[in-house]
Amino acid sequence: FSQSRYSECELVLVRCDGFLGSGCLVRGGSASKSLCKICKEKSRLISARNRIEPVYMSDVLTDQVGLSADVLSRQSIQQLVDSEFHGVRIGRCALYEVLLNLKKSTLDFNDDEKTLLCLTVEACSRAVLVAEAMFERSHFDSLVVYNSLYGQNAVFAEVARSRGVRVVSVEAAYDAYRDWE
């Protein structure tokens with residue numbers, strides 16, 4: 001986007017900046033520090049290029065924390081998958097990302113894999129609270145998410161759709177880093 005072309009639009013860039021914690025599968029992999037750095041750099045670049053002051057999830061949410069992974073761990077895998085929080089299917093939102101990360105096609109999870117699902121569901125519950133707070137503060141005409149199939153992005157998309165907001169998903173094949181320079 002160029003600021004002149006979209007001067008009539010209010011653009012808001014929501015950044016995690018570590019708020020999602022262990023539930024961020026980008027940070028959870030073996031290359032977590034470098035991927036987290038790339039994610040932050042892409043966000044910084046988009047923000048600087050378009051003169052958008054980022055909104056940090058931790059600033060939006062100060063007193064609510066969402067669901068606890070410890071509490072979630074007592075549920076069965078199916079209960080986790082079927083989890084809803086504030087009407088958002090957080091279990092389904094988290095599941096795709098976990099299955100993709102683990103390269104699995106079944107719900108046959110060992111203890112470590114279940115822990116990962118719990119952490120991702122927990123992060124999705126936090127994302128619900130952030131999305132709700134963002135949509136309560138401002139009316140948005142559209143939401144653009146970088147791949148709406150991933151947990152927290154899917155949550156933002158579900159909250160937006162529930163409020164009648166159009167959702168545009170930029171898929172992983174799009175190189176935001178290159179194209180936003």
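Described in the following lines is the structure provided in the data block.

Conventions adopted
Counting from 1, residues in each chain are numbered in the order their sequence is written. For a predicted model such as this one, the threshold for reporting local features is a pLDDT of at least 70, and the threshold for listing and counting side-chain atom pairs is 80 or more; totals across whole chains, interfaces and linings nevertheless cover every residue. Processing note: side-chain calculations cover all non-hydrogen atoms of the structure and skip hydrogens and water entirely. Runs of H or I in DSSP of at least four residues are treated as helices and runs of E of at least two as strands, each being numbered from the N terminus. Buried means the residue's accessible area, taken with a 1.4 Å probe over protein chains only, is under 20% of the maximum for its type, while exposed means over 50%, and partly exposed covers the values in between. Residue contacts follow a heavy-atom distance rule, with two residues in contact if any of their heavy atoms lie within 4.5 Å. Accessible surface area values rest on a Shrake-Rupley calculation with a 1.4 Å probe, where residue burial reflects the displayed protein chains alone. When a carboxyl oxygen of Asp or Glu is within 4 Å of a side-chain nitrogen of Lys or Arg, the pair counts as a salt bridge. Helices are assigned an expected span. That span is 1.5 Å times one less than the residue count.

## Details of the overall build of the chain
Stage number 1. Looking only at helices and strands, the chain has 9 helices and 4 strands in total.
Stage number 2. Its helices and strands taken in sequence order, the chain reads β-α-α-β-α-α-α-α-α-β-α-β-α from the N to the C terminus.
Stage number 3. Counting every position in the chain, which comprises 181 residues, the buried fraction comes to 42%.
Stage number 4. When contacts within the chain are restricted to residue pairs at least 6 apart in sequence, those whose partners lie at least 24 apart make up 72%.
Stage number 5. When the accessible surface of the chain is summed, it comes to about 10300 Å², and 49% of that surface belongs to carbon and sulfur atoms.

## Quick notes on the pattern of salt bridges
Stage number 1. Here the structure, examined in full by the defined rule, presents 3 salt bridges.
Stage number 2. Residue R92 pairs with D82 through a salt bridge whose shortest N-O separation is 3.4 Å. Of the two residues, R92 sits in helix 6 (residues 90–102) while D82 sits in the loop between helix 5 (77–81) and helix 6, which places them 10 residues apart along the sequence.
Stage number 3. One salt bridge connects E113 with K104, and the closest N-O pair in it is separated by 3.2 Å.
Stage number 4. The exposure class of E113 is buried, given its relative accessible area of 15%.
Stage number 5. Residue K104 is classed as partly exposed on the basis of its relative accessible area, which comes to 22%.

## A few points about the environment of A127
Stage number 1. With respect to the element layout, A127 can be found in helix 7 (residues 111–137).
Stage number 2. Linking A127 and G66, residues 61 residues apart in sequence, is a C-alpha distance of 8.4 Å.
Stage number 3. When near neighbours in sequence (up to four residues on either side) are disregarded, A127 contacts Q152, V155 and F156.

## Overview of helix 8 (residues 151–162)
Stage number 1. Under the 1.5 Å per step criterion, the end-to-end length of helix 8 is 17 Å for 12 residues, consistent within 8% with the ideal 16 Å.
Stage number 2. The buried fraction of helix 8 is high, at 9 of 12 residues.
Stage number 3. All of the buried residues along helix 8 are G151, Q152, A154, V155, F156, A157, E158, V159 and A160.
Stage number 4. Packing partners of the buried residues in helix 8 comprise strand 1 (14–15), helix 3 (57–60), helix 6, helix 7, strand 3 (142–146) and strand 4 (166–170).
Stage number 5. Looking one or two residues beyond helix 8, the residue adopting positive phi is G164, at roughly 75°.

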